[in-house]
Amino acid sequence: GAVVSQHPSWVICKSGTSVKIECRSLDFQATTMFWYRQFPKQSLMLMATSNEGSKATYEQGVEKDKFLINHASLTLSTLTVTSAHPEDSSFYICSARPVMWQGDTEAFFGQGTRLTVV
Amino acid sequence: SQQGEEDPQALSIQEGENATMNCSYKTSINNLQWYRQNSGRGLVHLILIRSNEREKHSGRLRVTLDTSKKSSSLLITASRAADTASYFCATERFGNEKLTFGTGTRLTIIP
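Model, not experiment: these values are computed from the prediction. (Residues numbered from 1 in each chain as written. Chains lettered and ligands numbered in written order. Predicted model: local features only at pLDDT ≥ 70, side-chain atom pairs only at ≥ 80, totals over all residues. Heavy atoms only, no water.)

**Points about the interface of chain B and chain A**
Taken together, the contact between chain B and chain A spans 24 residues of the former and 25 residues of the latter. Interface of chain B and chain A: buried area, both sides summed, is about 1900 Å²; carbon and sulfur atoms make up 52% of it. By the criterion of area lost to chain A, the three top residues of chain B are Leu43, Glu97 and Lys98 of chain B, representing 30% of everything that side buries. Inspection of the region where chain B meets chain A yields two salt bridges. Between the two partners, chain B and chain A, sit eight residue pairs in polar contact (both at pLDDT 80 or more). Among the elements of the structure, β4 (31-37), β5 (43-50), β9 (85-92) and β10 (99-101) of chain B are those that each provide at least two residues to the side of chain B that touches chain A. (Contact = heavy atoms within 4.5 Å. Buried area = accessible area lost by both parts, 1.4 Å probe. Salt bridge = Lys/Arg side-chain N within 4 Å of Asp/Glu carboxyl O. Polar contact = N/O pair within 3.5 Å; in protein donor to acceptor, adjacent residues only side chain to side chain. Helix = DSSP H or I, 4+ residues; strand = E, 2+ residues; numbered from the N terminus.)

**Let's talk about the nonpolar core**
Core analysis: the biggest nonpolar cluster contains 24 residues, and Val4, Trp35, Leu79, Tyr92 and Leu115 of chain A have the highest contact counts within it. Secondary structure elements with two or more residues in this core: β2 (10-13), β3 (19-25), β4 (32-38), β5 (44-51), β7 (67-73), β8 (76-81), β9 (90-96) and β11 (113-117) of chain A. Grouped together as the second largest cluster of nonpolar side chains are 22 residues, Trp34, Ile49, Val63 and Leu74 of chain B included. (Core = buried A, V, L, I, M, F, W, Y, C linked by side-chain atoms within 4.5 Å. Buried < 20%, exposed > 50% of the residue type's maximum accessible area, 1.4 Å probe, protein only.)

**Details of the side chain of Lys66 of chain A**
As for its position among the elements, Lys66 of chain A is in the loop between β6 (57-58) and β7. Residues within four places of Lys66 of chain A in sequence aside, it is in contact with Thr80, Val81, Thr82, Ser83, Ala84, His85 and Asp88 of chain A.

**What to know about the packing of aromatic side chains**
Inspection of the entire model under this criterion finds seven aromatic pairs over all chains. On the basis of an interplanar angle of 90° and a centroid distance of 5.5 Å, the ring pair of Tyr36 of chain A and Phe101 of chain B is categorised as edge-to-face. Residue Tyr36 of chain A is found in strand β4, and its partner Phe101 of chain B is found in strand β10; the two belong to separate chains. Judged by relative accessible area, Tyr36 of chain A falls into the buried class, the value being 1%. On the basis of an interplanar angle of 45° and a centroid distance of 6.3 Å, the ring pair of Phe67 of chain A and Tyr92 of chain A is categorised as tilted. You can see Phe67 of chain A sitting in strand β7 and its partner Tyr92 of chain A sitting in strand β9, a full 25 residues away along the chain. Neither Phe67 of chain A nor Tyr92 of chain A differs from the other in exposure class; each is buried. One aromatic cluster is present, formed by Tyr36 and Phe109 of chain A together with Tyr35 and Phe101 of chain B through successive ring pairs. (Phe/Tyr/Trp six-rings, centres within 6.5 Å; stacked < 30°, edge-to-face > 60°.)

Following this line, the structure appears as structure tokens:
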């Protein structure tokens, strides 16, 4: 099956610093990637839809200036958590679907990134 | 919130027994998908059922879909310790790539 690689798998950073998380589709192209946030023992909450070559679409309540998304190529999307605070500590997961998506197909997920802000 | 609900929230059964998880959703859908997540990991796709399908099988998995009740169930037969994980349903609406996830069921298989 298709592979989505997410890096890093975990990161610890100091308050006030920025952290970049990469999401790569290794064997397919994706015009759209999705970024989710997951709190312990909870479900996935969609943060934003990353669109190749254009601005990301953010879900209601998600600060676009805090969670910067860049989708510079058909195989790479990045999420940068800017000026991180302890409340940003969470598990972040990306997903992607092949560029020829026409519905009725599965999504492929990265391994997730555990962010801890101290 | 458009998020679906799953029940039970947590389920513990003996190895070899069958496990059933239920999912309810709120909107019309194109398809419903089930995913599995091991602790601290990404999600793995298990099975997709289209809105015009009522039942689907894959190995030890059986999924049903009742669009009139906006509900789905996932049955895992002859459970194994390795089935211990969280299971999520996710719905896809027509013409929309976004998936909306349910609240999840934490399944524990007791050896």
